[in-house]
Amino acid sequence: MEKNMEARNQIFASIRRSKERGGVKSDPKAVEKRLTEHPAGLIPKRSQLEKAEQVDLFQQMAENVQASVVRLKSDQDIPAAVSDYLAQKNLPARIKLSGDERLTNLPWSENAGHVSLLEGASGGDDLVSLAVSFAGIAETGTLVLHSGPKGPTTLNFLPETHMVVLRESDIVGAYEEAWARIRKQQADKGEEFLPRTVNMITGPSRTGDIEQTILLGAHGPHALHILMVADDA
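Residues numbered from 1 in each chain as written. Predicted model: local features only at pLDDT ≥ 70, side-chain atom pairs only at ≥ 80, totals over all residues. Heavy atoms only, no water.

K.L.:
Explain the environment of Glu-110 to me, and be specific about the residues and the numbers.
P.N.:
Residue position: Glu-110 is located in helix 6 (residues 108-111). Owing to a relative accessible area of 67%, Glu-110 belongs among the exposed residues under this scheme. On a C-alpha basis, the gap between Glu-110 and Pro-79 in space is 8.6 Å, while along the polypeptide they are 31 residues apart. (Helix = DSSP H or I, 4+ residues; strand = E, 2+ residues; numbered from the N terminus. Buried < 20%, exposed > 50% of the residue type's maximum accessible area, 1.4 Å probe, protein only.)

K.L.:
Help me get a handle on the sheet that holds strand 3 (residues 116-119), residues and values and all.
P.N.:
What holds strands together in a sheet is hydrogen bonding between their backbones, with the strands either parallel or antiparallel. If you trace the six strands from one edge of the open sheet to the other, you get 1-12-7-4-2-3, paired in parallel fashion. For this open sheet the edge positions go to strand 1 (68-72) and strand 3, each flanked by a neighbour on one side alone. Direction aside, the axes of adjacent strands within the sheet are offset by 25° on average. Of the pairings in the sheet, the one linking strand 7 (residues 161-167) to strand 12 (residues 223-229) comprises seven bridges and is parallel in character. Each bridged residue has a counterpart across the sheet, and for His-162 the counterpart in strand 12 is Leu-224. Sitting on the sheet, helix 3 (residues 51-64) touches strand 1, strand 7 and strand 12, and the angle it makes with strand 1 is about 150°. Sheet strands in contact with helix 4 (residues 78-88) are strand 1, strand 2 (94-97), strand 4 (128-132), strand 7 and strand 12, and its direction is about 155° off that of strand 12. (Pairing = 2+ DSSP bridges. Axes fitted to C-alpha atoms, helices over the stretch in contact; angles between N-to-C directions. Contact = heavy atoms within 4.5 Å.)

K.L.:
How would you explain the pairing of strand 6 (residues 142-146) if you had to name every residue and give the values?
P.N.:
Among the five residues of strand 6, five are classified as buried, and the element is accordingly described as predominantly covered. Bridge count for strand 5 (residues 135-137) against strand 6 is three bridges, and the pairing is antiparallel. Residue Ile-137 lies in a different strand from strand 6, and its bridge partner there is Thr-142. Counting the residues between successive antiparallel strands, the hairpin from strand 5 to strand 6 contains four residues, one of them, Gly-141, with a positive phi of roughly 70°. As paired strands, strand 6 and strand 9 (residues 198-201) are joined by four bridges and run antiparallel to one another. Paired with His-146 across the two strands is Val-198, which belongs to strand 9.

K.L.:
Outline the side chain of Ser-83, listing residues and values.
P.N.:
Its location among the elements puts Ser-83 in helix 4. Assessed through its relative accessible area of 10%, Ser-83 is described here as buried.

Structure, rendered in structure tokens:
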């Protein structure tokens, strides 16, 4: 253990020397100020756009990282869009979905009656999942999903195909704006802390570790399909 700590200290000392910095100095007031005020970092100019342009940028960036995107006029179009995607990809007509009312209250029997719906967390044997994104980040085409009673985190990682509903009105320009929305949501609910888990998902799972060749689905879903809904009602 002592050898490990010694090696760790040597590595950090080398980093500080290269950056011409001294040791770490603790300033409780500075730490408290940063934790309470949440100063924003540098926001990329490409995300500082009007809403319609942010929506277009989100789609462009998401598709650049192999996610597929379909635009819908309202939540009522979701069941048919899900059914169409399952048929196009030759996937089983069986999905595990979160308990979000935006999904559970939809007219599934009318527009996708042949699709079998199961609610709750994934046990690892589900091929397709459907969840609702808390926000979308235009600068990178990233989805933000957080855990909760109606948002099991397992739906984001275990099924091979991950479908996500995202309202256009929930798309923001930069990461800082997404964090601000999460903090406001928690404050409005009287919650002192952030959700236990916040997942930021940019495209399907991938790795380039083997011979620098990109492989999809290495550590999670190999397909990400985003249902972008214009209705902000």
